[in-house]
Structure formats: C-alpha cells, structure tokens
Amino acid sequence: MSIGRLLAVAAIALAVACGSSTGSGGNPPPPPPPPPPPAGGHTTTISVANNSFSPTPDTIPAGNITFHWAANAITHNVTWQTGPAPFPMNSATQVGGDPDYVATLKVGTYTYHCTVHPVVMTGTIVVQ
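These notes cover the structure that comes with them. Remember, predicted model here, so these are calculated numbers, not experimental data.

1. Observations concerning the environment of Val116
Then comes step 1: In this structure, Val116 sits in the loop between β7 (108–113) and β8 (122–127).
Then comes step 2: On the accessibility criterion, Val116 (39% relative accessible area) is partly exposed.
Then comes step 3: Distance in space between the C-alpha atoms of Val116 and Thr75 is 7.4 Å, their sequence separation being 41 residues.

The structure is reproduced here in structure tokens:
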C-alpha cells in the first residue's frame, strides 16, 4: 500500500471517529420543569372570590402569605380566629381590584374567616 493511500485511509478513519462538526455538542438539554404542586394548595397566594378562599386547607412554609381579591370579588375580609399568638393583623374589608393583603405567619395552624360571610367563607393554613 502506498504512503498516499495509507494517509487517505487514516484521514477517513479519523473523520469518521470524530463525528460531524454539526453534531449536538455544546450544552446539555435543560432539566425538565418541576412538577405542579400537589392538590390542596402549597401556594403562598390565596384567592378571595365567589364567597370562598382558595385553596383551603393549605400547607405552606413560614413567611408571607398573600390574599388576592379577584377582579369580580364582592366585599370580603380576612379575620384570624386561631393560630400562634400574636395573630397577624386582620385585613380591611375590600372588594375586587383592591390591593392584596399580606400577612406574615410563623409555624403553626391558623384558621380564618370572612366576617361578612362567616358561615361559608372559612379557611385553614398549616405553616411548617
């Protein structure tokens, strides 16, 4: 076998072994998105609408929780009933479009209700 032919075979073998210059290379694909939270909440935002708090019950980490009045919400409020003392300050009575109400909660179980609709609008938050 001539030297030229040997070099040609070696060059072809090297090209095949290295693969194409347009291969995937570079960065690996991004990881998949995290799974959605399990049923029953685990969110730090509670929706106030249609004479209900949603989600309830809810389990969250210690810290801030936000109550958001839906755009079409009628008059509602958040009044704390039980939980670790001292309770957070109660919200003002608000309607849809009013600013969100934010409370800071520490570890424990809290119950709350709307004084305008105390029978149907109740909620529980477990803070871990």
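2. Observations concerning unusual backbone geometry
With the exception of glycine, the majority of residues adopt a negative phi angle, and the majority of peptide bonds are in the trans configuration.
Then comes step 1: Omega for the bond connecting Ser54 with Pro55 falls within 30 degrees of zero, at 0°, which places this linkage in the cis form.
Then comes step 2: Note that Pro55 resides in the loop between β2 (52–54) and β3 (58–60).
Then comes step 3: Residue Pro57 is bonded to the preceding Thr56 through a cis peptide linkage, with omega at 0°.
Then comes step 4: The residue Pro57 is located in the loop between β2 and β3 in this model.
Then comes step 5: Of note in the backbone geometry, Asn50 takes a positive phi value of approximately 50° without being a glycine.
Then comes step 6: On the secondary structure map, Asn50 appears in the loop between β1 (45–49) and β2.
Then comes step 7: Its identity is not glycine, yet Asn51 carries a phi of approximately 55°, on the positive side.
Then comes step 8: Of note, Asn51 is situated in the loop between β1 and β2.
Then comes step 9: With a relative accessible area of 30%, Asn51 lands in the partly exposed category.

Conventions used here
- Residues numbered from 1 in each chain as written.
- Predicted model: local features only at pLDDT ≥ 70, side-chain atom pairs only at ≥ 80, totals over all residues.
- Heavy atoms only, no water.
- Helix = DSSP H or I, 4+ residues; strand = E, 2+ residues; numbered from the N terminus.
- Buried < 20%, exposed > 50% of the residue type's maximum accessible area, 1.4 Å probe, protein only.

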